[in-house]
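# Observations on the three-dimensional arrangement
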Amino acid sequence: MPVLPGAEPYRHEGGDVGVLLCHGFTGSPQSLRPWAEYLAARDLTVSLPLLPGHGTRWEDMQITGWQDWYAEVDRALREIVERCERVFVFGLSMGGTLALRLAAKHGHAVTGVAVVNPGNKVHGLSAYALPVARHFVRTTKGLRNDIAMPGSEEIGYDRVPLHAAHSVRDFFRLVDRELPQVTQPLLLMRSPRDHVVPPADSARILGRVSSTDIREVILEQSYHVATLDHDAERIFEESHAFIGRLAPIVGKKGSTTGG
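The rules behind these values
- By convention here, each chain's residues receive numbers from 1 onward along its written sequence.
- A pLDDT threshold of at least 70 governs which residues receive local features in this predicted model, and a stricter bar of 80 or more applies before side-chain atom pairs are shown or counted, although totals over entire chains, interfaces and linings include all residues.
- To get the side-chain values, take all heavy atoms of the structure and skip hydrogens and water.
- A run of H or I in DSSP becomes a helix once it reaches four residues, and a run of E becomes a strand once it reaches two; helices and strands are each numbered from the N terminus.
- Multiply 1.5 Å by the residue count of a helix minus one, and that product is the helix's expected span.
- Relative accessibility thresholds used throughout: buried, under 20% of the residue-type maximum; exposed, over 50%; partly exposed, between the two (1.4 Å probe, protein chains only).
- We call two residues in contact when some of their heavy atoms are within 4.5 Å.
- To form a nonpolar core, buried Ala, Val, Leu, Ile, Met, Phe, Trp, Tyr and Cys residues must be joined to one another through side-chain atoms within 4.5 Å.
- The predictor attaches a confidence to each residue, called pLDDT, with possible values from 0 through 100.

In the nomenclature of an unreviewed UniProt entry, the protein chain is known as Esterase of Streptomyces camponoticapitis.

Structure (structure tokens):
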């Protein structure tokens, strides 16, 4: 299936410091593209892959699961680690959860982690209904466009395949158990008015990781997709300062390639 216009993966060959960005469940690289381009403009090597089953149609997601999504970001991380001296992993929503697992599994290969409204648990009755309901109901209402800024649009699916949602539930449980293995510096940015991921998820993550260098930033003006919202510029600036504090920004300028 062709990729939706704007949902293509993004790659920029910059200096010796690299950043891997992970987009969220049912979303696409479009939600993180401005963040990626901001970092690329500052001479960082940037990788923003498209997760399997995303960016086309929801039917393609129905046959994928967390193992497929994680395998793609794991592959992308290994690639950028070969290219760069220092590597950071960033993510939005479930992409933040993917980033945290990469940090837990890859240890010293990851210099730091920055996440925006990361997910940790599927809440409510749906969490208990998913194991059975997914065999009888194919989809439920989509999660996209939780954005406060008028005119800002997120490319994503209007429907959520329940098989995939069940896989997210399993993935969140797995990563929750692995959070103590996260020791890298952590920048966690969250929106108090998030209508997709509750504050309890960020609190749980902050309480479970083993990182001693932690900074929490509150995004007062934004909803869930804060990277496309009023606080986007603050996210970009905070994350760039985070990188600058932990790694030298060196290397020569490269060129941008789309996916």
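### Some remarks on helix H3 (residues 66-83)
In an α-helix there are 3.6 residues to a turn, and that puts residues three or four apart on one side. The end-to-end C-alpha distance of H3 is 26 Å, a good match for the 26 Å that 18 residues give at a rise of 1.5 Å each. Of all the positions in H3, only Trp66, Trp69, Tyr70, Glu72, Val73, Asp74, Ala76, Leu77 and Ile80 are classed as buried. The inward-facing, buried residues of H3 contact strand E2 (17-22), strand E3 (45-48), strand E4 (86-92), helix H4 (94-106) and helix H6 (162-178).

### Quick word on the nonpolar core
Formed by 42 residues in total, the largest nonpolar core has its most connected members in Phe25, Met94, Leu100 and Val113. Secondary structure elements with two or more residues in this core: E2, helix H2 (58-61), H3, E4, H4, strand E5 (112-116), H6 and strand E8 (186-190). Residue contacts for Phe25: discarding those within four places in its chain leaves His54, Met61, Trp69, Met94, Leu143, Val160, Ala164, Ala165 and Val168. Counting 32 residues, the second-largest nonpolar core is a separate cluster that includes Val19, Val46, Met189 and Ile243.

### Here's the deal with the confidence of the model for the protein chain
Scored by pLDDT, the protein chain comes out at a mean of 90, with 88% of its residues at no less than 70. Here residues 250-259 scores under 50 on pLDDT; set against residues more than four positions off or in separate chains, the count is 29 contacts.

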